[in-house]
Amino acid sequence: MIPVEHYVALSAILFTIGGVGFLVRRNVIVALMSIEVMLNAVNVALVAFNRLPTHNNAHTGQVFAFFIIAVAAASVAVGLAIVLSLFRIRRTVRSDEADLLKN
Amino acid sequence: MKPFLDLFSQNDFSLIAVVLLMPLLGAFVNGVFGRRLGKQAVRMMALSAVGVSFAAAIATFIALDSAVDAAHTAHGEAAHTKLSWLAWEWMRVSGPNGSKIAIDLKFSVDALSGVMMLVVTGVGFLIHVYASEYMREDKGYWRFFCYLNLFIFSMLVLILGDSLPVLFVGWEGVGLCSYLLIGFWYGKLPNAAAGKKAFIANRVGDFGLIVAMFLLVVYCGALDWDGIQRHANDLVVTSDRPGPIHLWPIGGGKFEDYVIAGIRIPLHNLQPDKPWTITAATAVGLMLFLGATGKSAQIPLYVWLPDAMAGPTPVSALIHAATMVTAGIYLVCRLSFVFVLSPAAMIVVAFTGAATALLAATIAVVQNDIKKVLAYSTVSQLGFMVLGVGVGAFTAGFFHVFTHAFFKACLFLGAGSVIHAMHARIHDEERSQDMRNMGGLRRYMPLTYGTFLASTLCIIGFPGTSGFFSKDEILARVLIETPTGVKLANGAAPWQWPSWAPWLLWGMGVVAATLTAFYMMRLVFQTFWGDFRGWTIGRPSQLSKSHHDDHGHAEDEDAEDGDHHHHDDLSQPGPPPHESPRSMTIPLLILAAAAIVAGIFNPAAIKLVVSTFSFLPLEHWLDPVFSDAARGITLADHHTAHTRELVSTFGAFTAFAAGSGLAYWVYVKEKGKPAREMMLKVPRLYKLALEKWRVDEAYDKTVVSGVDALADTAASVDQGIIDFVLARLTALVVAATGTVLRVIQNGVVHVYAAVMVVGVLALGWFFVQPHADFTVVEQDGDYTLQAGPGPGYEFRWYPDATKEPQTKDFSETDNLKVHIADGKSQTVKLEVKNAFGRVGSKAFTITRPAQPAGAAQIREQ
C-alpha cells in the first residue's frame, strides 16, 4: 500500500502549483482553473487521510470531498458567468484589466 | 339639559374635553385629508368642529352657572367656583426647599374663562361661517381651515389651562397659528415678512412670560392659579431668602475695590448706599406684562399687529382683533391678585395702555388703507383695555374685551365684505383696500353698511351702545380706582401712585377716545358716503369721464381702444360693487346685533341717572374672580366717586361728539377739504404720522441692526475659525491619509489575492509558533502560576530557572504552585511545546516584599 505521506506530498505539490498559477497568471480562466487545482489538492488530502487506520472506517473525508466537488462546480458556474460579463464589457479576460471600480 | 350635565362632576368635568378637542380634530382632518376631501367637506368639517365646540361650551357654561348658584346657596355669598378636568399628569419640577411642583395638563372653567370660552367659540364660529365664503376661491382652502381650527384649539388651551405652563402652551400655539395665517399667502414677500415679524416680536414677550414663571416657582412654589393665589403674599416678602430682587448690584453682590498690580480700581463707587431692590411682585408683574405687551400689541411690541393685516381678513377679525390679542388682558385679569400687590407694576401697565391707545389713534387718523385703520384702532382699543386693568378695574377692562370682540370682529368682517366687493372690480390687493378708491358704497352694500355703521357707533361710544358702556366704564374707573397694594412683610407700605397719575391717564384716554371717534367716522364717511370713486380704477378709458357722471358709464365710447383682451372689458366701467353673499352677511348681522346689545351685561353708566340701578350681571358674575384682587385697590369715597363718574361720562360723551362731529364737518360738509389743507400746511408732520411715526425704522436702526451686527460677528467667527481651521484642517488630514491608503487599493484582483496569501501565511506562522505565557495569583506567599492554553500545548515548569525542571518531560500540567518566603525573590520559567514540536519559553522573577501585607512584585526577565 502506498503510504499516506505520498498522497500528502502530491496534495502539497498540486496546491502549490494551483496557488502559484493563481498568483502569476493574468488570464481569469486560467485563474479559475488554478482554483480548481487547489480544491482538488485538498480533495486528495482529504481522501488520503480518510484511509488512515486510526480512522475506523468512517467516510468523513470522502463525503467532505463530494461537498467540495459540488461547491467547486457552483463556484465555476458563477465564476464563468462573471468572466463572460467581464468579457462583454471590456472585450478581455485579463484580470489586470478588470479595474472598473478603480476608475 | 340637567340630567345630561349631571353626568359630569365638578372636579372631573370631561365635557371640557369636547370643547377643546373638537377643533383639534377638525384641524387634524382638514390638515391631513383636506386636500383630497374637497372644499365642501373641508367646510363641513371646520364648521361642525367649531360649532360642536360652541355647543359644548354653552352646556359647560350652563353647568358652571348652576355650580355657582349651588356654591352661593351653600356659603351664603358668591364664592370662586370652577369646573376642572385633569387630562393627565404632565411633569414634576423641583421647587424651592426641595419641594416638588406638579405641573398637570389640567383645564378649568371659572367665571372669567367661561366668558372668554364663549366669546372665542361663538365669535370663532361666526367668523368660520364668514370665511367659508370669503376664502371660496382660494387654493389653500383646506390649509386655511386647518390653521383656523388649530387656532381655536390653541386659544381654548390658553383660556382653559389651569396653570401658567398650560396657558403658555396655548400662548405659543396661538402665536404659531397667527404666524401661519399672517403668512398664509406666503408667496408674497411682505406677507411672509409680516408673519416673521409677528413671531419674533412675540418671542420677546414670551421671554418675559418664561422669566415670570421661573420667579413664581422660586417665590410661590406653585404655577397653578390656586397655588399662586394661595402663596401670592410670598411675593412681597422682605425676609432674607429668597428676598427682594436686587437690580443693582445685580444679584445682590457687593462692589469692593479691586487691586491689580498695585493699582487700586475704585469699584466701591459703583456700590450704592442702599441696594436698589424691587419686590418680587413688581418683577413678576412687569415680566408677565412684557408677555402681555407682545401678545396684546402694546408699546413697545405693538409693531407686529398692523403688519399682521397682510393675512386674510377673517384672520384679522378672529385672531388679530377679537380673540388672540386679548390674551394679554386675560393674563393680567387671571393673575390680578399678583398685579395688585405692586402699584409700581400697575402704573407701568396703566401708562403703557394709555400711551398705546393714544399713539395708535394718532396713526389711525391719517391711514388710507381700510384694514390699516382698523388695525391701529385695534391697537388703540387694546390700549384702553390695558389701561383699565392697569388701574385695577379688571371687570371694566374685561368688559371691553368682551364688547370689543363683537364690534371689532364685525368691523373687520365688514371691511372684508367691502374689500371683497372692491376686489371684484379692481383685482389689485392694495388699491382695493384704499379708502380713497371707495365712497358711496352704502347704496350698493346696504347690509354691510348697516352693520358696519352699528359697530362703528359702538367703538366710538355712541350712548347706549356696548362700546359706550365699556369704554365709559374704563375712563370712569381710572378716576375712581387706584392700586395701593398690600403692606409688605415688614409693615411698610409699597410705593404709591402720585396723585396726578389718574388725571393724566384719564386725559390721555379721553384724547384717544376723541381721535377714535374721528378716525372711525372718517372711515365710514370715506367708504360708504359720498360718490363712488372707484369707477376709474384700473379702467384708464374712464379717466376722462370721471366720477361725477353717474349715468354715462354704460356707454362704450372707446371701442377703438385695443386693450380689450383682459378677462373683463376695461373700457367698460364694469359692474357696480355688489353686496356680499348671505353666508358673509349673516355673521355680520349677528355680530352687529350682539355689538349693539352687549352693553346690557354691564351698563354701569345708567347708575348715574338712576341711582338705585343695580343690574350689572357681568360685574356680579366676575366678582368672585377679582375679590382677592380688591384688597390691593383703593376706591374713592362714594360722593367723590359719583362726581368723578359724572365728569368722566361727560368727558367720554364730549369725546364722542367732538370726534364724530369734526369728522362729519371735514369729510361730509367740506368733502375733505380741511384735511387736504392740513396736509399741505404741515406736510412733514402728516408724512411722519402716515409713516407711523417711523417707529419701525427706529427699531430697524437700533435693535434689528444691533442683532444683525451680532449675527455678522458670529458668522465671521463661524467662517474664520470653525469652518476654516477646524473643518478644513480635519478634512485635509483625512484626505492625506486617504491618498496614502489609496495606493494599496489598486483594484487589481491578483494583488489582492497575493495579499491574502501573505496574510494566510502570516496567520499560519503565528499558529505554528508556541506562545508561552502565564498569570500569577498570590495568596500568603503561595503563588499559583496558570499557563495560557493553545492547540496541542504541553508544558514543562522550572520552579527555579537555574535548576532542573519539575518533570523531565513535557506534560499537560498547565499550572504550578510555588512558595516564596518574605523578602525573597525567585525566577520561575515555563517551557511550552506545541503540536509541531517547537518549543517556546518564558521566565519571570517573582519578588515577595518584606512587609507581610505587601503585594508581590513581578519583573520580567
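What counts, and where the lines are drawn
Numbers given for residues are sequential positions, taken from 1 along each chain in its written order. Key to labels: chains lettered from A, ligands numbered from 1, both in the order written. Local features in this predicted model are restricted to residues whose pLDDT is 70 or higher, and side-chain atom pairs enter the listing and the counts only when it is 80 or higher, whereas totals over whole chains, interfaces and linings include all residues. Water and hydrogen atoms were dropped before computing side-chain values, which therefore reflect all heavy atoms in the structure. Each axis is a line fitted through C-alpha atoms, and for a helix only the stretch in contact is used; angles between axes span 0 to 180 degrees, taken between their N-to-C directions. Starting at the N terminus, helices and strands are each numbered in turn, a helix being any DSSP run of H or I of at least four residues and a strand any DSSP run of E of at least two. An angle counts as roughly parallel when it lies under 35 degrees, as roughly antiparallel when it exceeds 145, as roughly perpendicular when it falls between 65 and 115, and as oblique in every other case. Whether two residues are in contact is decided by their heavy atoms, any of which lying within 4.5 Å being enough. Three categories are distinguished: nonpolar for Ala, Val, Leu, Ile, Met, Phe, Trp, Tyr, Cys and Pro, charged for Asp, Glu, Lys and Arg, and polar for the others, with Gly belonging to the last. We call a residue buried when its accessible area falls under 20% of the maximum for its residue type, exposed when it is over 50%, and partly exposed in between, using a 1.4 Å probe and counting protein chains only. Here a strand pair is declared whenever DSSP counts at least two bridges between the two strands. By definition here, a salt bridge exists when the distance from a side-chain nitrogen of Lys or Arg to a carboxyl oxygen of Asp or Glu is within 4 Å. In this analysis, the protein atoms alone were mapped onto a 1 Å grid. Cavities are point sets where a 1.4 Å probe fits without being able to get out; pockets are open sets with protein on both sides within 12 Å along at least five of seven lines; lining residues have an atom within 4 Å of a point. Grid points are joined across faces, edges and corners, and a volume is the space filled by probe spheres set on the points.

Caption draft 1: Broad picture of the packing of helix 12 (residues 327-334) of chain B against helix 15 (residues 370-390) of chain B. Residues and elements named next belong to chain B. Between helix 12 and helix 15, the least distance of the axes is 10 Å, while the angle of their chain directions is 5°. Relative to helix 15, the element helix 12 is oriented roughly parallel. Along its contact with helix 12, which presents I329, V332 and C333, the element helix 15 presents L382, M385, V386 and V389. For the contact of helix 12 with helix 15, the residue count by class is seven nonpolar, no polar and no charged.

Caption draft 2: The pairing of strand 11 (residues 794-798) of chain B, seen in detail. All names here are of chain B. With respect to burial, strand 11 is a largely interior element, four of its five residues being buried. Pairing of strand 11 with strand 13 (residues 825-833), which is carried by five bridges, proceeds in the antiparallel orientation. The partner of E794 across the bridge, within strand 13, is K833.

Caption draft 3: Structural context of the pattern of salt bridges. Residues and elements named next belong to chain B. Within the structure shown, the criterion is met by 19 salt bridges over all chains. Put simply, R334 and D110 hold a salt bridge, and the shortest N to O gap is 2.4 Å. Note that R334 is positioned in helix 12 and D110 in the loop between strand 2 (100-109) and helix 4 (111-134), a separation of 224 residues in sequence. Looking at R334, the relative accessible area reads 6%, which means it is buried. Across the pair E831 and R796 runs a salt bridge, and its minimum N-O distance is 2.7 Å. Taken together, the residues E831 in strand 13 and R796 in strand 11 connect sequence positions 35 residues apart. In the salt-bridge network here, residues are joined through shared partners; they are K82, D162 and D226.

Caption draft 4: Structural detail: the sheet that holds strand 12 (residues 815-819) of chain B. Residue and element names in this part refer to chain B. Strand order in this open sheet of three strands is 9-10-12, and the pairing throughout is antiparallel. Each edge of the open sheet is held by one strand with a lone partner, namely strand 9 (774-779) and strand 12. Taking the axes of each pair of neighbouring strands and ignoring which way they run, one obtains an average angle of 20° across the sheet.

Caption draft 5: Highlighting the layout of surface pockets. Residues and elements named next belong to chain B. Roughly 1,200 Å³ of internal volume is contained in the second largest pocket. Around the second largest pocket sit 37 residues that line it, and R522, V666, Y667, G672 and A675 are the ones nearest its centre. Elements with a minimum of two residues in the lining of the second largest pocket: helix 14 (343-366), helix 20 (501-528), helix 24 (638-669), helix 25 (673-681) and helix 26 (683-690). With seven residues, the top contributor of residues to the lining of the second largest pocket is helix 20.

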